[in-house]
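# Architecture and fold: a report
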Amino acid sequence: MRRVLAGLTLIALTAAPVMAQDVDHGRALFQTHCATCHGADAKGQGPLAGALVLQPVDLTALASRNGGVFPLERVLKRIDGTDPLVSHGSPMPVYGPYFEGVANSAMKLPSGQPMLVSEPIADLVGYLQSVQAGN
């Protein structure tokens, strides 16, 4: 019985959503996977931006363009590919398979509803939240 309870406790602990984001890891992910188009400063002027049909947006102004509220659900869905961005010619992001994984990180939406995403997505979005104008 003790072994069964220990196993259930271990399962419960490993299944619990992780709430914190690692902004430094998110910054590194952004520089590796996103800066080519969105620019190292996230303002939409990356070296490949000119080759895109639709120019990348200034990611530091996401909140200001949304009434001062970071559009968390929209950003999460763009990154995880559930809200594809046509300008990329494929689901967003181009590096989508890297960001797939176990959805073990809960991000609380403004509605209070948690949305489970992979840890790399949580870290990347944490970084994007940190670079919003006025932060």
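Here the structure is shown first, and the text comes after it.
These remarks concern the structure in this document. Keep in mind the model is a prediction, meaning the values are calculated, not measured. (Residues numbered from 1 in each chain as written. Predicted model: local features only at pLDDT ≥ 70, side-chain atom pairs only at ≥ 80, totals over all residues. Heavy atoms only, no water.)

On inspection of all chains with the given rule, the structure shows two salt bridges. Between D24 and R27 there is a salt bridge, with the nearest N and O atoms lying 2.7 Å from each other. Residue D24 and its partner R27 are located together in helix α2 (residues 23-33), separated by three residues, close to a single helical turn. Owing to a relative accessible area of 53%, D24 belongs among the exposed residues under this scheme. Here R27 falls in the partly exposed class, since its relative accessible area comes to 37%. Among the ionic pairs, K77 bridges to E73, the shortest N-O distance being 3.1 Å. Here E73 and K77 lie together in helix α4 (residues 72-80), a separation of four residues that amounts to about one turn. (Salt bridge = Lys/Arg side-chain N within 4 Å of Asp/Glu carboxyl O. Helix = DSSP H or I, 4+ residues; strand = E, 2+ residues; numbered from the N terminus. Buried < 20%, exposed > 50% of the residue type's maximum accessible area, 1.4 Å probe, protein only.)

Two numbers describe how α2 lies on helix α6 (residues 119-130): the axes approach to 7 Å, and their chain directions differ by 95 degrees. Between α2 and α6, the angle falls in the class roughly perpendicular. Where α2 approaches α6, its residues V23, H25, G26, R27, L29, F30 and Q31 are matched on the opposing element by P120, D123, L124, G126, Y127, L128 and S130. (Axes fitted to C-alpha atoms, helices over the stretch in contact; angles between N-to-C directions. Parallel < 35°, antiparallel > 145°, perpendicular 65-115°, else oblique. Contact = heavy atoms within 4.5 Å.)

This paragraph deals with α2. The periodicity of an α-helix, 3.6 residues per turn, causes residues three or four places apart in sequence to face the same way. Turning to α2, its buried residues number three or more, namely G26, L29, F30 and H33. Axial view of α2: buried residues confined to an arc of 100 degrees, hence all on one face. Among the exposed residues of α2, those oriented more than 90 degrees off its buried face are D24 and T32. Of the residues flanking the start of α2, the one acting as N-cap is D22, its side-chain oxygen 3.2 Å from the backbone nitrogen of D24. (Arc of directions from axis to C-beta. Polar contact = N/O pair within 3.5 Å; in protein donor to acceptor, adjacent residues only side chain to side chain.)

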